[in-house]
Amino acid sequence: MLIEALEGDVTVVYCNAIAASVQIEVEPVGRWFEAFLKRRNRNVSASFQELEEEEELSEESEDEELQLEDFPLLRTLDPKDWKNQDHYAVLGLAHMRYKATQKQIKAAHKAMVLKHHPDKRKAAGELIVEGDGDYFTCITKAIEILSDPVKRRAFDSVDPTFDNAVPSKGEGKDNFFEAYAPVFERNARWSSKKHVPRLGTMDSSFEDVDNFYSVWYNFDSWREFSYLDEEEKDKAECRDERRWIEKQNRAARATRKKEEMNRLRTLVDTAYSLDPRIKKFKDDEKARKENEKKAKADAKRKEQEEKERARQAELDAARLAKEKEEEEAKLVAQQAKKEKEIQKKAIKKERQKLRTTCKNWNYFGDNESDSVKMMEDVEKLCDRLELVSLQSLNEGLALGSKEEGKVAVEKQVQEVNAQLQKEKDAEVQARQAVRTTVQASGGGGGGGKGWNEEELPLLIKAVNLFPAGTNARWEVIANYMNLHSTSGIKRTAKDVINKAKNLQKLEPGQKDEINKKAFEKFNKEHAAVPQTVDNAVPSERFDGAEANTASWTTEEQKLLEQALKTYPVSTPERWEKIAAAVPGRTKKDCMKRYKVSWTLSLILRFVVSIPVCMYNLDDMSKL
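Reading the values: the criteria
- Residues numbered from 1 in each chain as written.
- Predicted model: local features only at pLDDT ≥ 70, side-chain atom pairs only at ≥ 80, totals over all residues.
- Heavy atoms only, no water.
- UniProt positions renumbered as here; feature names shortened; annotations may be inferred.
- Core = buried A, V, L, I, M, F, W, Y, C linked by side-chain atoms within 4.5 Å.
- Buried < 20%, exposed > 50% of the residue type's maximum accessible area, 1.4 Å probe, protein only.
- Helix = DSSP H or I, 4+ residues; strand = E, 2+ residues; numbered from the N terminus.
- Contact = heavy atoms within 4.5 Å.
- Phe/Tyr/Trp six-rings, centres within 6.5 Å; stacked < 30°, edge-to-face > 60°.
- Salt bridge = Lys/Arg side-chain N within 4 Å of Asp/Glu carboxyl O.
- Patch = residues over 30% accessible without salt bridge, like charges linked within 9 Å, V, L, I, M, F, W, Y side chains within 5 Å.
- Areas by Shrake-Rupley, 256 points an atom, 1.4 Å probe, with all protein chains shown as cover.

The protein chain is annotated in an unreviewed UniProt entry as DnaJ homolog subfamily C member 2 from Oncorhynchus tshawytscha. One UniProt comment on the protein chain, placed under Subcellular location (unreviewed entry), says "Cytoplasm, Cytosol".

For the rest of this paragraph, the subject is the nonpolar core. Judged by nonpolar contacts, the single largest core of 24 residues is most densely connected at L91, L93, I105, I139 and L146. Counting only elements with at least two residues in this core, the list comes to α3 (87-90), α4 (102-116), α6 (136-147) and α7 (149-157). The leading source of residues in this core is α6, at 6 residues. Filtering out sequence-adjacent residues up to four positions away, L146 remains in contact with H87, Y88, L91, Q102, I105, R152 and F155. F177, F184, L267 and V268 belong to the second largest nonpolar core, which has 23 residues in total.

What follows is about the packing of aromatic side chains. Per the counting criterion, the structure on display carries 16 aromatic pairs. Taking 4.9 Å as the distance between ring centres and 70 degrees as the angle between the ring planes, the aromatic pair formed by F184 and W216 counts as edge-to-face. Taken together, the residues F184 in helix α9 (residues 176-187) and W216 in helix α10 (residues 206-217) connect sequence positions 32 residues apart. Side by side, F184 and W216 carry an identical accessibility label, which is buried.

With that out of the way, let us pick up unusual backbone geometry. Negative phi characterises most residues that are not glycine, and trans characterises most peptide bonds. In the Ramachandran plot, R97 falls in the positive-phi region, its phi being about 50 degrees despite a non-glycine side chain. Take R97: it is sitting in the loop between α3 and α4. Residue class for R97 comes out buried when judged on its relative accessible area of 9%. Phi at E573 is positive, roughly 50 degrees, even though this residue is not glycine. Looking at E573, the relative accessible area reads 60%, which means it is exposed.

The next thing to look at is the pattern of salt bridges. For the coordinates displayed, the defined rule picks out 28 salt bridges. D159 is paired through a salt bridge with R97; the nearest N and O atoms lie 2.7 Å apart. Of this pair, D159 sits in the loop between α7 and α8 (169-172) while R97 sits in the loop between α3 and α4, and the two are 62 residues apart along the sequence. Judged on exposure class, the residue D159 and its partner R97 are both buried. Of the charged contacts in the structure, one is a salt bridge between R301 and E305, with a shortest N-O distance of 3.1 Å. Of the two residues, R301 and E305 are both situated in helix α12 (residues 276-360); the distance of 4 residues between them amounts to about one turn of the helix. A cluster of three or more residues bridged by salt bridges with shared partners is formed by D86, R97, D159 and R189.

The next subject is a nonpolar patch on the surface. A cluster of nonpolar side chains, contributed by V22, I24 and V26, occupies part of the molecular surface with about 250 Å² of accessible area. On the secondary structure map, I24 appears in the segment before α1 (30-42).

Now for the side chain of D275. Within the secondary structure, D275 sits in the loop between α11 (239-274) and α12. Beyond its immediate sequence surroundings of up to four residues, D275 is in contact with F176, V209 and Y213.

So this is what it looks like as structure tokens:
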């Protein structure tokens, strides 16, 4: 036995005496390292062999201390029904069961053999049943099952003492942890993974609870039910029968496995629905989301308020800027008005001065006719000359003699007359250009034949009657013109399109000229029609009293328009009701007035920009 190692000592090896002695450090490895750790933990110095012997002695002492429980019904067991027996109870390990080690199982079997072997009992004078009919066969089957890891797992899977019950919702509602914690600990033995988390307490964190249910919802059970196979394939007489037995056994195992997984799933679902921590976490999460939602709403509200304040500030700034601009514009306008008034007064003063000067010199004439002519020229100068020109002219008149003044005035008159002549010539040229353009725009269709003044209004009317979207619009417009035109020229769709494009390119003044001519023609044609006595028999539409030839007043026109709106086309006896609504007018008067108004509205649709006041509805009653 080595002496006890002192603290701080190191292991040294001395080499051959021939070489110089050198002290080196040696680190133990392998089983020597294990012995070193045990020796250090126990604070002793011992060899590895001594530690092994000590372990063997401790194991033997544990075997000696193993307590076996007697199984009173052992002698009454039927060896032929060994599959339904409790093998742990047969070996006296009912109190340890699946926690028993292989050494403990062997030790228990050894003790049971020494006590119940047939030779031992026979030597003691006990009557022994020959063959496999003795209960000792049950001990043999027990060690056979429990010593084989595969067979033992199969037996443990169907442990007859295991409680498969799942607490109901009523049982775990009030005392959840007391009801479900033992159940989960009991079923944790079937897990293929080690360290299955416990149910915990009410103070467990969210991570622990989430991890617990995650493990159990994905629980991988090693439990299998091959021990309950009703048929043994080893007893099959042929290969087909053995396959059939295997097929039946696999189906039975799958069914029991499915039932087991449903049982575990029911356990987890029920626990999850009753777990007060889940409800607490959900309430906390709901409160958190509500707080976040409220905070978000508050932030959004604040943002809206900030935007509204900024917008209001911008509006106020824009309003102030606008007021400032308006004030400045007002001041500028007032200043311009003052300047204009000053200039107006100055011009008025200069004009009066010019008239007075010319009047004093008798308008530079020797007789009355020359004076009158010069007076007209002076008034023309007053109307045409600007302030600067008037001032310059008055200064020349004030400084010069009468003859010089007359020359200056005549010279100024000549310049004004020349300017007026230029303006007149320019106006004449513009009218001539308009007339030329209108005549030139008449060409381009109908086999090279121009468009007369009758066809242009007819084209405008047709374009308004058949708006965009009409099927085969331009063919319809061309047919309409060919049907109503008196020129005899047949227009095609291409001619109509080209002419419509040319009309769109005209200047506003040119369009006014066309409309004016059309209206003048219309007035001329209808004004030339003499009044004749209508001896014809009135149609059914105008049956009734004699028509009132008096002009329509504005009040009667308003009453007619209101009656037309009140009684639509679908109203029975419409015109009788309309006539009753207009005092002093018959059904014939109202219908005739409506016809005239409708005709005028059609004319206004194609005669563009002609004021309505140019038409007299009473004159149109002759249509």
